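Observations on chain architecture
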Amino acid sequence: ETGVTQSPTHLIKTRGQQVTLRCSSQSGHNTVSWYQQALGQGPQFIFQYYREEENGRGNFPPRFSGLQFPNYSSELNVNALELDDSALYLCASSLSAATHRTEAFFGQGTRLTVV
Amino acid sequence: GDSVTQMEGPVTLSEEAFLTINCTYTATGYPSLFWYVQYPGEGLQLLLKATKADDKGSNKGFEATYRKETTSFHLEKGSVQVSDSAVYFCALSDSGAGSYQLTFGKGTKLSVIP
């Protein structure tokens, strides 16, 4: 079975631009969560998608948005990029959003640098 | 809100030394607890988990016991190897949170020297 894959692995954008990050969930997983990991910090929850619907959101502004597709892959979109958006963006998939006991499987991440 | 506090690093140990990384948490519900490991340049890998009080999670020689009375989930290993050098994150997923997202600590960087 394939794991969680993210693309691209690295990205450099200019302040004010928009960016789209992509994630393919692990086979059979219907839940995808996105996290932002700033340098030297733990990951912070951005939002979660369950069966194509947003299923929870962390403390991030509306310029962070997402989608989940029928095959459960997902996109994270960030508009009006700011320098502080520079971070490692991690996608995690899990078998179900219905329980807090389910473990999440992470991709390798996308390193976004905003200049 | 939920939070996780883990000991600050970096931690430097000699090979075969004993490792303890402390982790305490606050949660509104009855959380599941996790340890994730991040090797340089990589994403997070689940190391072990425990879903109820007094459960012990274990993997690759690492262990952690869910202590509800002290709200702790300390990570231990009896004899570390150079290959254990990585950043370790304690995390929780709360039964009181609708979307069951993970709340992470800030991470503890471990360096093991030969």
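Predicted model, so just to flag it, every value in this text is computed and none were measured.

The rules behind these values
Residues numbered from 1 in each chain as written. Chains lettered and ligands numbered in written order. Predicted model: local features only at pLDDT ≥ 70, side-chain atom pairs only at ≥ 80, totals over all residues. Heavy atoms only, no water. Helix = DSSP H or I, 4+ residues; strand = E, 2+ residues; numbered from the N terminus. Rg over C-alpha atoms; globule rule 2.2 N^0.38 Å. Buried < 20%, exposed > 50% of the residue type's maximum accessible area, 1.4 Å probe, protein only. Contact = heavy atoms within 4.5 Å. Areas by Shrake-Rupley, 256 points an atom, 1.4 Å probe, with all protein chains shown as cover. Lys, Arg positive; Asp, Glu negative; His and termini not counted. Charge placed at Lys NZ, Arg CZ, Asp CG, Glu CD. Pairing = 2+ DSSP bridges. Axes fitted to C-alpha atoms, helices over the stretch in contact; angles between N-to-C directions. Phe/Tyr/Trp six-rings, centres within 6.5 Å; stacked < 30°, edge-to-face > 60°. Lys NZ or Arg CZ within 6 Å of the ring centre and 35° of its normal. Polar contact = N/O pair within 3.5 Å; in protein donor to acceptor, adjacent residues only side chain to side chain. Buried area = accessible area lost by both parts, 1.4 Å probe. Salt bridge = Lys/Arg side-chain N within 4 Å of Asp/Glu carboxyl O.

1. Some remarks on the overall build of chain A
If you tally the helices and strands in chain A, you get 0 helices and 11 strands. Listing the helices and strands of chain A from first to last along the sequence gives β-β-β-β-β-β-β-β-β-β-β. A globule of 115 residues ought to have a C-alpha radius of gyration of about 13 Å, and chain A, at 13 Å, matches this closely. Taken over the C-alpha atoms alone, chain A extends approximately 40 × 30 × 25 Å along its principal axes. Burial analysis of chain A (115 residues in total) assigns 50% to the buried set. By sequence separation, contacts in chain A at least 24 residues apart represent 54% of the contacts at least 6 residues apart. Surface accessibility of chain A: about 5,500 Å² in total, with carbon and sulfur atoms responsible for 49%. Each charge sign in chain A was given a centre, from 8 positive and 9 negative side chains, and these centres are 4 Å apart.

2. Considerations on the overall build of chain B
Across its full length, chain B holds 0 helices and 12 strands. Overall, chain B shows an N-to-C arrangement of helices and strands of β-β-β-β-β-β-β-β-β-β-β-β. For chain B, the C-alpha radius of gyration of 14 Å lies close to 13 Å, the compact-globule estimate for 114 residues. When each of the 114 residues of chain B is scored for burial, the buried share is 45%. Partitioning the contacts of chain B with sequence separation of at least 6, the portion at a separation of at least 24 is 57%. Within the structure as shown, chain B displays about 5,200 Å² of accessible surface, and the carbon and sulfur contribution to it stands at 48%. Counting 9 positive and 12 negative side-chain charges, chain B places the averaged centre of each group 3 Å from the other.

3. Structural notes on the sheet that holds strand 7 (residues 56–59) of chain B
Residues and elements named next belong to chain B. One open sheet accounts for 4 strands, arranged 3-9-8-7; its pairing is antiparallel. At either end of the open sheet lies a strand with only one pairing partner, and these are strand 3 (19–21) and strand 7. Strand-to-strand twist in this sheet, taken as the mean axis angle between neighbours without regard to direction, amounts to 15 degrees. As paired elements, strand 8 (residues 62–65) and strand 9 (residues 75–77) share 3 bridges and run antiparallel to each other. Bridge assignment links E63 to a residue of strand 9, and that residue is E76.

4. Let's talk about the packing of aromatic side chains
Tallied over the entire structure, the rule returns 13 aromatic pairs over all chains. Considering the side-chain rings of F47 of chain A and Y49 of chain A, the 5.4 Å spacing of their centres and the 85 degrees angle between planes classify their relative orientation as edge-to-face. Taking relative accessible area as the criterion, Y49 of chain A reaches 7% and is therefore assigned buried. When the ring centre of Y30 of chain B is taken as reference, the NZ or CZ atom of K68 of chain B above it lies at 5.5 Å.

5. What about the side chain of S33 of chain A?
Residues and elements named next belong to chain A. The topology assignment puts S33 in strand 4 (residues 31–37). Among the polar contacts made by the side chain of S33, one reaches the side chain of Q48 at a distance of 3.1 Å. Leaving out residues up to four positions away in the same chain, S33 has contacts with F45, F47, Q48, L90, C91 and A92.

6. Considering the interface of chain B and chain A
Across the boundary between the two partners, chain B contributes 24 residues, which contact 23 residues of chain A. Here chain B packs against chain A, burying approximately 1,800 Å² in sum over the two surfaces, 52% of which is carbon and sulfur. For the interface between chain B and chain A, the tally reads 1 salt bridge. The partner of E103 of chain A in a salt bridge is K49 of chain B, and the shortest N-O contact between them spans 3.5 Å. Taken together, the connections running from chain B to chain A amount to 3 residue pairs in polar contact (both at pLDDT 80 or more).

Remember, this is a structural readout, not a statement about activity or role.
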